[in-house]
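# Structure assessment
The chain contents come next:
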Amino acid sequence: CGKIPQGGAATASSAGINELRTDESGQLLSEDVERNLASLSVARQSGARVIAYLHNHLWGDDMARLKPWARSFAQQCVDAGADIFVSHGAPLLMGIEMYKGRPLLHGLGSLVFQSRTQDGHYPAEVWQSAIVQVTFDRQDNCQLEVVPVSLNEVADDPQQRQASRGRPRLASGQAAEQIIERMIRMSSALGTPLVRQGERAFYTV
């Protein structure tokens, strides 16, 4: 969604990106929404777990703020049959929302984030990420484990500055604490209680 080059979107006769467009008022085009939701409904009929994934570049003036349309679309995806909704685009953590027993992962940062900008160009939060392990039990209840991840802003190898920057590592100590506390705070604002245990956070039914 957003910043798709001319000719990059799929059409009825050619492969490409499954584009989610907006109108002049910033609302999602109903034809794109309906197409995506219909695909999720078909996938649901297979009996497999269904994951809906959105790569979003419509950040507006504040890329750290979860947009109402994005949250609404995530919920619609679950209504259509998705077991998990995941979004990415802005290189920032956005928090977790549980909706009808299904996780909406609105933003987990970046697993790798290489940038040719100068050190200090991005806020410190850009170098904080997370991995979420999602488990469904036999009663179809969902449990989550949030694993904090740190990316190195300063290169490991001065001779390979760009190639060795933005590498993921499991966070520990103060770095892990900061990430976990951020995720707890942001998820709580979305109505989802995460419980901290050591250097992890958990959601259980």
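Residues numbered from 1 in each chain as written. Predicted model: local features only at pLDDT ≥ 70, side-chain atom pairs only at ≥ 80, totals over all residues. Heavy atoms only, no water.

## As for the overall build of the chain
If you tally the helices and strands in the chain, you get three helices and nine strands. Secondary structure elements in the chain, listed N-terminal to C-terminal, are α-β-α-β-β-β-β-β-β-α-β-β. For 205 residues, the compact-globule formula gives about 17 Å, and the C-alpha radius of gyration of the chain, at 18 Å, lands near that figure. With the C-alpha coordinates of the chain rotated into their principal frame, the extents come out at 50 × 45 × 30 Å. Within the chain, residue pairs in contact and separated by at least 24 positions form 53% of the contacts whose partners lie at least 6 positions apart. Total accessible area on the chain stands at roughly 11,300 Å², and carbon and sulfur atoms take up 50% of it. (Helix = DSSP H or I, 4+ residues; strand = E, 2+ residues; numbered from the N terminus. Rg over C-alpha atoms; globule rule 2.2 N^0.38 Å. Contact = heavy atoms within 4.5 Å. Areas by Shrake-Rupley, 256 points an atom, 1.4 Å probe, with all protein chains shown as cover.)

## What about the packing of aromatic side chains?
Inspection of every chain in the model, using the stated rule, returns three aromatic pairs. Seen in terms of ring centroids, Phe 113 and Tyr 122 are 5.2 Å apart; in terms of plane orientation they differ by 70°. Their pairing is edge-to-face. Among the residues examined, Tyr 122 registers a relative accessible area of 24% and is labelled partly exposed. Ring centres 5.3 Å apart and planes at 70° place the aromatic pair Phe 113 and Trp 127 in the edge-to-face group. Of this pair, Phe 113 sits in the loop between strand 4 (102–105) and strand 5 (128–136) while Trp 127 sits in the loop between strand 4 and strand 5, and the two are 14 residues apart along the sequence. Aromatic ring contacts, followed pair by pair, group Phe 113, Tyr 122 and Trp 127 into a single cluster. A cation over an aromatic ring shows up here: Arg 49 above the ring of Phe 136, its NZ or CZ 3.8 Å from the ring centre. (Phe/Tyr/Trp six-rings, centres within 6.5 Å; stacked < 30°, edge-to-face > 60°. Buried < 20%, exposed > 50% of the residue type's maximum accessible area, 1.4 Å probe, protein only. Lys NZ or Arg CZ within 6 Å of the ring centre and 35° of its normal.)

## Quick look at the layout of surface pockets
The computed volume of the largest pocket comes to approximately 310 Å³. Taken together, 19 residues line the largest pocket, and the ones lying closest to its centre are Asn 18, Asn 36, Tyr 53, Leu 54 and His 55. Among the secondary structure elements, those contributing two or more residues to the lining of the largest pocket are helix 1 (30–44), strand 1 (51–55) and helix 2 (68–80). With four residues, strand 1 is the largest single contributor of residues to the lining of the largest pocket. Residues of the lining of the largest pocket, tallied by class, amount to 12 nonpolar, six polar and one charged. (1 Å grid on protein atoms, 1.4 Å probe; cavity = no way out; pocket = protein on both sides within 12 Å on 5 of 7 lines; lining within 4 Å. Points joined across faces, edges and corners; volume = space filled by probe spheres on them. Nonpolar A, V, L, I, M, F, W, Y, C, P; charged D, E, K, R; others polar.)

## So, the environment of Ile 51
Along the chain, Ile 51 turns up in strand 1. If near-sequence neighbours (up to four positions away) are discounted, Ile 51 is found in contact with Ile 84 and Val 86.

## Considerations on unusual backbone geometry
Of note in this structure, Lys 3 is not a glycine but carries a positive phi near 60°. Within the secondary structure layout, Lys 3 lies in the segment before helix 1. Taking relative accessible area as the criterion, Lys 3 reaches 65% and is therefore assigned exposed. Of note, the phi angle at Lys 100 is positive, near 55°, even though the residue is not glycine.

## Notes on a nonpolar patch on the surface
Residues Leu 111, Val 112, Ile 131 and Leu 170 make up a contiguous nonpolar surface patch of roughly 400 Å² in combined accessible area. In this structure, Ile 131 sits in strand 5. (Patch = residues over 30% accessible without salt bridge, like charges linked within 9 Å, V, L, I, M, F, W, Y side chains within 5 Å. Salt bridge = Lys/Arg side-chain N within 4 Å of Asp/Glu carboxyl O.)

## What to know about empty space enclosed by the protein
Under the counting rule described, the total for this entry stands at one cavity of 30 Å³ or more. The volume enclosed by the largest cavity comes to roughly 160 Å³. Asn 56, Ser 87, Ala 90, Met 94 and His 106 are the residues nearest the centre of the largest cavity, which is lined by 18 residues in total. Across the lining of the largest cavity, the residue classes break down as nine nonpolar, seven polar and two charged.

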